[in-house]
Structures are given as C-alpha cells and as structure tokens.
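# Observations on the model geometry
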Amino acid sequence: MSLYLEYIKEIENRKSQLGLAPLPIDSAELLSEIIAQIKDVKNEYREDSLNFFIYNTLPGTTSAASAKSAFLKEIILGESVVAEITPTFAFELLSHMKGGSSIAALLDLALSDDASVAAPAAKVLKTQVFLYDADTSRLEAAYKAGNAIAKELLESYAEAEFFTKLPDVPAKIEVVTYIAGEGDISTDLLSPGHQAHSRADRELHGQCMITPEAQNEIKALQAKHPEAKVMLIAEKGTMGVGSSRMSGVNNVALWAGKQASPYVPFINIAPVVAGTNGISPIFLTTVDVTGGIGLDLKNWVKKVDANGNTIVDENGDAVLEEAYSVATGTVLTIDTVAKKLLNGNEELVDVSSAFTPQKMEFMKAGGSYAVTFGKKLQTFAAETLGVPTKLVYAPSKEISHEGQGLTAVEKIFNNNAVGVLSDAPLHAGSDVRVKVNIVGSQDTTGPMTCQELEAMAASTISPLVDGAYQSGCHTASVWDSKAKANIPKLMSFMNKFGLITARDPKGQYPAMTDVIHKVLNDITVDDRAIIIGGDSHTRMSKGVAFGADSGTVAVALATGEAAMPIPDSVKVTFKGKMQAHMDFRDVVHATQAQMLKQFDGENVFQGRIIEVHIGTLLADQAFTFTDWSAEMKAKASICISNDETLIESLELAKSRIQIMINKGMENQAKTLNGLIALADKRINDIKSGANPALSPDDNAKYYAEVVIDLDVIDQPMIADPDVNNEDASKRYTHDVIRPVSYYDGKSVDLAFVGSCMVHKGDMQIIAQMLRNIEKQNGKVEFKAPLVVAPPTYNIVDELKAEGDWDILRKYSGFEFDDANPKGAARTKYENIMYLERPGCNLCMGNQEKAEPGDTVLATSTRLFQGRVVADTAEKKGESLLGSTPLVVLSSVLGRFPTIAEYKAAVEGIDLTRFTPPTEEMSTKFVASVPVKMV
C-alpha cells in the first residue's frame, strides 16, 4: 500500500474513532507522493492532494516543509505548472512557512539573476524574521559581492520593516467572560498530565481542556458574541499555577484564540486569560509566546472594618468581597491605549501591567519569538551595513539606583546581561536579555519543543549554551505503546540537535530515567548561571533557574538567550535550632506557613525570587527548598551558600557528570567534559578568592524579608489540598500547612516516596526506618502500599554498594527491572513496598495513579485535583504531602501516626539536618560597574 493510501486509512480511523481532522503532515516521503499526484492532472486523488499540500503541511524544518518549499520554487520558476497554485500564490504559501527550507528557497530566488522572481521573493523575505546563520551568511556574502537585492533586504531589516509594517494592536478589544473555575486554576485543568502523550497532536490534545461541557459553553459564547473574544477567568484565584505548560495555553488558544495562518492547521494564537489574582509568572510567559493577553482583575478584595482592619473568618483567613462582577457571559472592553478594563463606560480596573511596551510588541508581532528573532535580525543587518541600530523596538527598561547594592538575582542578571546600554548596575524591574547557561527539556513537553524548534527553523543548539539535557523521567513508570511511539523519536531529534539525551537513539548506553531536575542540578556548575527548563520545578540550588514552557525552552536552545524583567527578591533567613525529630521537609513547609502568618495571608513570594540564606546545606538537600518554591508561587529561588559548601556541591556535581561520561553519554561537542572544566575553573576561583560564592550586597533592597523560627517547628508539617473546604477557591492552593496532630489517626490508603523532592538521604532514611521496625517487631509489615521511586540511578548504585538497597529489596514485593519494564500502568495496589525505577512516577499522574478516592500521603509536589488521585462519587481523592519518615511510618501503620509514635520511630535516625549559618551571608557593598556579557 502507498504511503498516501495508508494516510487516507489513518484519516478515516481518526475521524470515525476520535471525530478529528487529518493529522498534519510532517513527512517528506508522504508529501512527495502527494506532489506527484498533484502533477498528474488525471489522478483520482488530485483534489484531496492539493488540499493536503496547501492546508495540512507543517512548516519550519520538517522534512515535509523541505519538499513543499522545493515544489513551490519549481512552480515559481515555471518548472512545474499547477493551475490552482499560481506563482503569486506560491509566494504567499512560502511566506507562511516561517523559516528553514522556505527561507533558503526565497533566498535562491531573490539572489538570482532573474528579476521577475527576485523582486517578489525579496518582497516576501522582507516580512520574515526566522533567519539563522546560514541564511544571514548568504545575505552578507551577496551584499559584499554587490548584489542590489541583498542590499535592499538588509536595509529593510535594519529598519525592522518586518515589524513596523504589521498592523497595530486594536485600541479596543471586546471580550466576553467565561469563569473556567473558582480558586487557583492549575495548568492541569487546561492540559491534564495524564494526557501528556497527546500534546504534540494539538487537535487531539485540545479535547481534554477542562471538560467537554466547558468547551461547548465556550463555543456557545462565541456564537452569541461573534465580535468578542472569550476570556477565560480564574475567579477568586490565580490563572495557570503549577506546571509550566505550553499545551495549556495552546488549548486555550485553540478554543478561544485565532488561527495563526490559514495554511497551518490547529496552531492558534492570541488568547485572553485572566485571574482575580492575576496570572502565574510561568503561565504569563507562555501567554506572551502566543501574543496573548493576561489580566490581573483584582475583582475580589479584602473586606475591612470601619478602622481599615482586615476582617477575617473563623479560620483566620481574610474575608473577600466582590469589587465588580465577571460572571460568565459578561461583555467587557479592554482599552489597550488607556490600559483599562471597562464595562461600557465604567472603568473597572487598571490593567497597565498587561500592556507594557514589550507586551504590546508581542501582541503586534503575533508572539514573543518573532520579537526575539526580529531584534537579532535588525542588529545583524545594521552591523553588516555599518549603520547604527535604529531604535524601533521599545528600549529595554534599565533601572539603576545609585548607591544601592545588588541582590543575588540582580548580580546574576548583570553578569549574564546581553546588549545593555547602561554602564551602571541594573536593579529589579529592568528588562534584560540574558545568556542562558543550562537548558533542560523533559519528555512530556519535549515533543512540543521539537515542534517549536521546527517551526522556528532551528537545526542545531546555540554555541552559547554550556549544556542541555533531554530527560526521560516523566514517562519512566510505564514503557507502554504511547511511550514507545513518542520517546525514541524525541530522543533522536534532541540528540541530533545537540543535547545530552537520557536515551541513546543508537542504543549504545542504557536508558536513564533520572529525574530531570536532579540532572540539571548536577550539570549546573556555576552559582551565577541562568537555567531554563521545561518544567515548573526547574529551580536549581546553584544559579537561578526558571521553569518555562516548551516554546521558551526552544528559544533558549536555538539562541542561547532569554529575555525577562529582573524580578524583585524576598530574603529568607533562619533562626533557632531544628529539633532532632524534624526533617528539612518540615522546615520547607513551615517556611510557607510562617511567611503567610507574618504577612497577614499575603503571599509575598508570588511572582518573586526567594533568596534563601541556607549556608551549609549541600545542593542536593537545598534543592528540596528551591523545588518547593514552585508551590509557593515564586518565580524562582536562589540558595546563598558559603564557599566550602559550594565547593563540595561542585565536586559532587563533577563526579556525577563523570559517571554520565563513563556511561557513554558524551556527545561530539564534548559538552560533559566542558562542564567539568567549567566546574574546575569555578572551584579554583573560589579557592583563590578571585570570585567567592555568590552573595548579595549588604545594602541590597528586598521586597520583603522573612525570618523562619526553627524552634517552633515541633511536629511534621503537612501540605494539605483541603479538598472539603466549603470555599472552592481555597482548595488545592498549597497554602494550607497543618501539623500531623491535626489528622488524629486519619487513614492512609497509599504512600509514595519519590519525585524531585527527595535525595539520597531520603532513601537512607527508609532503610534506617525498616531496620528499626524490624528490630522492634521482628519484621516489617505494611498496612498501606508504599511506592518508592529513587530520583536517580546513581543513588541506586550507591545504595547497592553501601548495603542499604539490601534492606529495601528484602521488604519489597516488587522491584523494577530495566530489562523488562512495566508495559501497563498499575491500577490496584497491594499492601507491599514497590521499588520502582528512578523517575517521577505518581507525581506526574500521566502513567501511574492511585486508586480513585484514595487518601495519598506523598513526598511529591502535586496537590492538583485529579493529578495523583481522582475523585469518586462518594469521596474526593486527597494528595497530602509530607516528609519521607512520616510517609514511611504511615504506610506501616495504615494511618497518620501520633506525634509520640512518630518520635519513637525516628529516634536515632539521621534525618536531613539543617543548621542556620552563623555568619552574615552578604558582601560589603562596593560601588562598581558589573561585568556584562557582550
């Protein structure tokens, strides 16, 4: 059977089984067959083939795009004649293909001696921005050789006509409201984790947004208000919390945005989203990628008494009152000039933060990528012509306060800044382009990152990036048909692109499913590094790391740069002493609880950097804090360590990178060896005193300062989704932190130790507890299932060498076997311990899940509704989060322990200890100009 007939059969199955349109074409082999049928005017499939060619072929660097570009070039040159595709229409189709082979074809035509095709090709090229080194080098060479068209193109690019000639953002945008949920809306509602396998199939994945009923309600609003855009709202909450997920924004755009091109199916842009408490930082970045709008509504405010004091309820929470209504179906107007949200002529709220000059540029250009590449193209053209770069784009905001020191994040941004005009150090609020040192792509967003790279016509990793890694941890639990279809293809693409990959496409080293954040934490070898990763928990304990959507990851891989404002920081320090029975996870949870108490319920961490003065805690353990900062709604977190601790963390990172090299994971560019060399240089700089460990200046300015009292933490602290709270807006917020005594023997149905929140010490704690229980009772019995997923294979190897794995194996009823991985997700659990392969496991909810309605106690990070455990008609599923020793003991008891039982169980066990630094973790301010990247 021909590829075309196989495609037709797939289309029929897709339509009958799923009710979907044909899958967009990315294969040159299939498209070549379609092109042959177009050329054969008597072919029975010719009409459908034309439609597939024109409307259903993916652009960028797909092999199908190369075939399409070549055929369109043939038509323009008259080498092929197709009545339905004139040369003029062929040029239009090339203009919508964005980059890669289409740019190469247009340059062939524009730089040729045939004036009849050179002029129209140049006209199209003037609208394009996705040009890479190979393209700009051709243009530069032609210009220097005296080609008039090349000069014309460079002059257009230097004027940034590809941007200036675009239509302006409309002064008034009418919207109709749709309340997507009450309280914080996680990206899991918009793009559920258990549907991760379908994210690259945009139409299919779009079917999982919210509910089918919600999708129908959105369509009904569109039909009733055809002139308005549907605005999705998180009522009494924040929109887009939790995971960094481009697929969430893609789904919103699919249902409530607009089509990016009539010739590219299911790629929509420009959605409008809003929240009572605005948009989470990660989600807002993703909205910018699509040229969308994100509004902070402030439509519920704290109720105050006659004296201006906040009124609280019986739980001590602030009582809210409605400032104005955004009930579903309300028609409002966004005034993009006055930057106000209006109901008729009534001003409801100022929305200036959504319409900064930079965000207006994203909206005008159809997304932030086009602005990023446009700036680079304009700079190239101006430099090639030898003229000053014309100020076309809004100048980056460069804020500097004379005599004010720098926070840690301000120092990192100044150190990595690119294209800064000011000679003075930059402070928070400045907009900065920065070099990205480390990039991470994970396996459930990775296929989308591949699509983004193809769409922006990128073919190799930027040489500016020190190291990049493609993980396999999010799909580690079950090697099923979906994983087999997606993961090898992903690894092959990323391996060719230049990343270190968890799986070798050639099968020459064993698959590694290590949790991505642990690997990124190891390959980050500079405390002044900037890290971008395709997951909200990309929050390293060295440098500053930002969780990002798949598209921002793609831009970082392709350009080695990112652009963002320097965020404000909140300083966190500690006082007192940890009690012997407490674990550092309890300190992490207590930090959130104490912060909220100190600031009367206001989350001062939200959207800001947490600068935690952690001192002597190694990077592995410190990551427990930085990781949880995603749940605190912080933008990122920075650990301030002393010199000795940083050196020890770097030495550990070097040893783990060497293990990756020994396994055969090094690439042709010798990336891993390069990272070891960078680590050695950093260690030498610390030891010599030339460049000590990162620290803020003593007169740095913080948005707030939080002091955590360790003395008052005397019980294990639980993060509770509070699923039965009468106020739906207060469920699943991560802000409910309770002591273990609150639960008073509450039953536990499933226990889980794993995900990125645990390290080697946690595995050792399990082993110590099993030995203690065995000694006390003669054996260990579990009254609830215990799932254990070590974070990395290195840890497993070390536990085996040191003997701790033996006790784990002794009491396990299941042990992973990489030679024979599970082919199906577990749906029922026995009261045994399951030793799962390294990876995310239950935390993801896309493969393994608890039984519906279970009460799960886990070391995980996820409280999202339905993520780890689904609801039943009788009982809501609960995912309660706590420390490793508490989770293990609860699985043995089948319930929450009393505090006395807990203390007895951990007596003599070396829990994760933390002692606050005794010295001041800051540097004496000296007014000087920071070194900036060129």
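One can find the structure itself at the top, above this paragraph.
What comes next is a walk through the structure. (Residues numbered from 1 in each chain as written. Predicted model: local features only at pLDDT ≥ 70, side-chain atom pairs only at ≥ 80, totals over all residues. Heavy atoms only, no water.)

### Quick notes on the packing of helix α27 (residues 760-777) against helix α28 (residues 793-802)
It is at 10 Å that the axes of α27 and α28 come closest, and there the two elements cross at 40 degrees. Comparing the axis directions of α27 and α28 gives the class oblique. In the packing of α27 onto α28, the handedness of the crossing is right-handed. When α27 is examined against α28, the residues Lys760, Met763 and Gln764 are found in contact with a partner set consisting of Ile795, Glu798, Leu799 and Glu802. Its residues placed into classes, the contact of α27 with α28 shows three nonpolar, one polar and three charged. (Axes fitted to C-alpha atoms, helices over the stretch in contact; angles between N-to-C directions. Helix = DSSP H or I, 4+ residues; strand = E, 2+ residues; numbered from the N terminus. Parallel < 35°, antiparallel > 145°, perpendicular 65-115°, else oblique. Left-handed = near helix turned anticlockwise from the far one by under 90°. Contact = heavy atoms within 4.5 Å. Nonpolar A, V, L, I, M, F, W, Y, C, P; charged D, E, K, R; others polar.)

### Let's talk about the packing of aromatic side chains
Counted by the stated rule, this structure contains 20 aromatic pairs. Summarising the aromatic geometry, the rings of tyrosine 157 and phenylalanine 162 are spaced 6.0 Å apart at their centres and angled 50 degrees between planes, so their arrangement reads as tilted. The pair formed by tyrosine 157 and phenylalanine 162 is uniform in burial state, with each residue classed as buried. Put simply, the rings of Tyr4, Tyr7, Tyr45 and Phe52 touch in pairs and so form one group of aromatic residues. (Phe/Tyr/Trp six-rings, centres within 6.5 Å; stacked < 30°, edge-to-face > 60°. Buried < 20%, exposed > 50% of the residue type's maximum accessible area, 1.4 Å probe, protein only.)

### With respect to the packing of helix α21 (residues 516-523) against helix α24 (residues 619-628)
Running from N to C, α21 and α24 cross one another at 125 degrees; their axes reach a closest spacing of 11 Å. Classed by the angle they form, the pair α21 and α24 counts as oblique. Pair α21 / α24 crosses with right-handed handedness. Counting all contacts with α21, which are made through His517, Lys518, Asn521 and Asp522, the residues of α24 involved are Ala619, Asp620 and Phe623. For the contact of α21 with α24, the class distribution of residues is two nonpolar, two polar and three charged.

### Comments concerning the nonpolar core
In terms of nonpolar packing, the biggest core is built from 242 residues, with Phe53, Ile85, Met456, Tyr469, Leu557, Phe605 and Phe625 touching the most fellow members. Ranked by residue count, the leading element in this core is helix α17 (residues 368-385), at eight residues. In this structure, phenylalanine 53 is in contact with Leu31, Ile34, Ile35, Ile38, Lys68, Phe71, Leu72 and Ile85, ignoring residues within four places of it in sequence. (Core = buried A, V, L, I, M, F, W, Y, C linked by side-chain atoms within 4.5 Å.)

### So, the pairing of strand β22 (residues 569-575)
Taken across its seven residues, β22 has five buried, putting it largely inside the fold. Each parallel crossover has a hand, and the one from β22 via helix α23 (residues 584-598) to strand β23 (residues 609-615) is right-handed. For β22 and strand β25 (residues 704-709), the ladder comprises six bridges, and the chain directions are parallel. Paired with valine 570 across the bridge in β25 is alanine 704. (Right-handed = clockwise from strand over helix to strand, strands pointing away. Pairing = 2+ DSSP bridges.)

### Side note on the sheet that holds β23
Read across the open sheet, the four strands follow the order β24-β23-β22-β25; overall the sheet is parallel. Across the chains shown, the open sheet's two edge strands, defined by having one partner strand only, are β24 (636-641) and β25. The mean angle between the axes of side-by-side strands here comes to 25 degrees, regardless of whether they run parallel or antiparallel. When β22 meets β23, the two strands line up parallel, connected through four bridges. Looking at β23, one finds that lysine 571 is bridged to glutamate 611. On top of the sheet, α23 reaches β22, β23 and β25; it is set at about 130 degrees to β25, its chief contact.

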